[in-house]
Amino acid sequence: LTGKFPKELKTPIDKSYLQKILRRARQNKHKRDKTAQRLKQEEEEQQKARAIKKEAPDKPTSSTASAGKTQPESSPKRVVKLPESGASFEERAWQLEPFLARETE
């Protein structure tokens, strides 16, 4: 098969080069097939989830839900304690000169 290619090419086409190309082509095909199979499975799972969701609609649990308004689920709120003592920068006047001196050094 290597005899059918021209000999004066910049990249010579020999047995090892053809083996590398064929191996890479097989690997790419396998990867495409695997990805297509995974996408197909994900699509089937989504369709099943939609079907289950249509079969069992959510029941209203509160007065707002029964009125037709649904509230999005929220994560629990974090309580953050702010320091009551320490540095207060409200009174400090910021000046531009100290920052400019650092840039020039």
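Quantities reported herein were computed from a predicted structural model and do not represent experimental measurements.

Attention now goes to the overall build of the protein chain. The helix and strand inventory of the protein chain stands at three helices and zero strands. Mapped from its N terminus to its C terminus, the protein chain presents α and β elements in the order α-α-α. With 105 residues in all, the protein chain has 1% of them scored as buried.

Another point: the pattern of salt bridges. With the rule as written, the count across this model stands at two salt bridges. One salt bridge connects lysine 29 with aspartate 33, and the closest N-O pair in it is separated by 3.0 Å. On the criterion of helical spacing, the pair formed by lysine 29 and aspartate 33 is a turn pair, its members being four residues apart in helix α1 (residues 15-55). A salt bridge links arginine 38 to glutamate 42, with the nearest nitrogen and oxygen atoms 3.1 Å apart. With arginine 38 and glutamate 42 both in helix α1 and four residues apart, this pair spans about one turn of that helix. Here glutamate 42 falls in the partly exposed class, since its relative accessible area comes to 35%.

Taken together, the side chains of Leu1, Phe5 and Leu9 make up a nonpolar region of the molecular surface, amounting to roughly 300 Å² of accessible area. Locating phenylalanine 5 in the fold gives a position in the segment before α1. Judged by relative accessible area, which is 32%, phenylalanine 5 ranks as partly exposed.

Turning our attention to the confidence of the model for the protein chain. Residues with a pLDDT of 70 or more make up 63% of the protein chain, whose mean pLDDT is 76. Within the protein chain, no element has a lower average pLDDT than helix α2 (residues 63-66), which sits at 50, and none a higher one than α1, at 92.

Definitions and cut-offs
- Residues numbered from 1 in each chain as written.
- Predicted model: local features only at pLDDT ≥ 70, side-chain atom pairs only at ≥ 80, totals over all residues.
- Heavy atoms only, no water.
- Helix = DSSP H or I, 4+ residues; strand = E, 2+ residues; numbered from the N terminus.
- Buried < 20%, exposed > 50% of the residue type's maximum accessible area, 1.4 Å probe, protein only.
- Salt bridge = Lys/Arg side-chain N within 4 Å of Asp/Glu carboxyl O.
- Patch = residues over 30% accessible without salt bridge, like charges linked within 9 Å, V, L, I, M, F, W, Y side chains within 5 Å.
- Areas by Shrake-Rupley, 256 points an atom, 1.4 Å probe, with all protein chains shown as cover.
- pLDDT = per-residue confidence, 0-100.

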